[in-house]
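So you can see what is in the structure, the chains are spelled out below.
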Amino acid sequence: MLVTKLTMIFQLFDKKGTGYISADSIDLNAVPAEVLLVFKPLLIEMETYEESLDQEEFVESATVLLKSLPISSKNLILDFGRRRA
């Protein structure tokens, strides 16, 4: 389920459908601000090292990042895309 959510987020970041994201090619408006805050360390690293990530690399990096974050951040990602009643 986590991989599915991360894949969904990657696809939103990659709105142009290029197959990769980078500091210069990412749609930050497609996801809520609280989700961006979760991924902030990863996004800063991408910008600092001028990296681009394909979907698989993003999912791997995001999974490692989420392991170091509090459960509330993990739950935010796991709940991403669910409709609220």
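No experiment lies behind these values; they were computed from the predicted model shown. (Residues numbered from 1 in each chain as written. Predicted model: local features only at pLDDT ≥ 70, side-chain atom pairs only at ≥ 80, totals over all residues. Heavy atoms only, no water.)

**Some points on the overall build of the protein**
1) Next: Scanning the protein for helices and strands turns up 4 helices and 2 strands.
2) Next: Ordering the α and β elements of the protein from the N terminus gives α-β-α-β-α-α.
3) Next: Compactness check: the protein gives a C-alpha radius of gyration of 12 Å against a globular reference of 12 Å for 85 residues, within 12% of the reference.
4) Next: Looking at the protein as a whole, 32% of its 85 residues are labelled buried.
5) Next: The long-range share in the protein, meaning contacts at least 24 apart out of those at least 6 apart in sequence, stands at 64%.
6) Next: By element, 52% of the accessible surface of the protein is carried by carbon and sulfur atoms, the whole surface being about 5600 Å².
7) Next: Here the protein carries 9 positive and 13 negative side-chain charges, and the mean point of each set is 13 Å from the other. (Helix = DSSP H or I, 4+ residues; strand = E, 2+ residues; numbered from the N terminus. Rg over C-alpha atoms; globule rule 2.2 N^0.38 Å. Buried < 20%, exposed > 50% of the residue type's maximum accessible area, 1.4 Å probe, protein only. Contact = heavy atoms within 4.5 Å. Areas by Shrake-Rupley, 256 points an atom, 1.4 Å probe, with all protein chains shown as cover. Lys, Arg positive; Asp, Glu negative; His and termini not counted. Charge placed at Lys NZ, Arg CZ, Asp CG, Glu CD.)

**Description of the packing of helix H2 (residues 33-48) against helix H4 (residues 71-78)**
1) Next: Where H2 meets H4, the closest approach of the two axes is 10 Å, and the angle between their N-to-C directions is 125°. In terms of their interaxial angle, H2 and H4 are classed as oblique. Judged by the twist between their axes, the crossing of H2 over H4 is left-handed. Contacts from Glu34, Val35, Val38 and Phe39 of H2 reach H4 at Ser73, Leu76 and Ile77. (Axes fitted to C-alpha atoms, helices over the stretch in contact; angles between N-to-C directions. Parallel < 35°, antiparallel > 145°, perpendicular 65-115°, else oblique. Left-handed = near helix turned anticlockwise from the far one by under 90°.)

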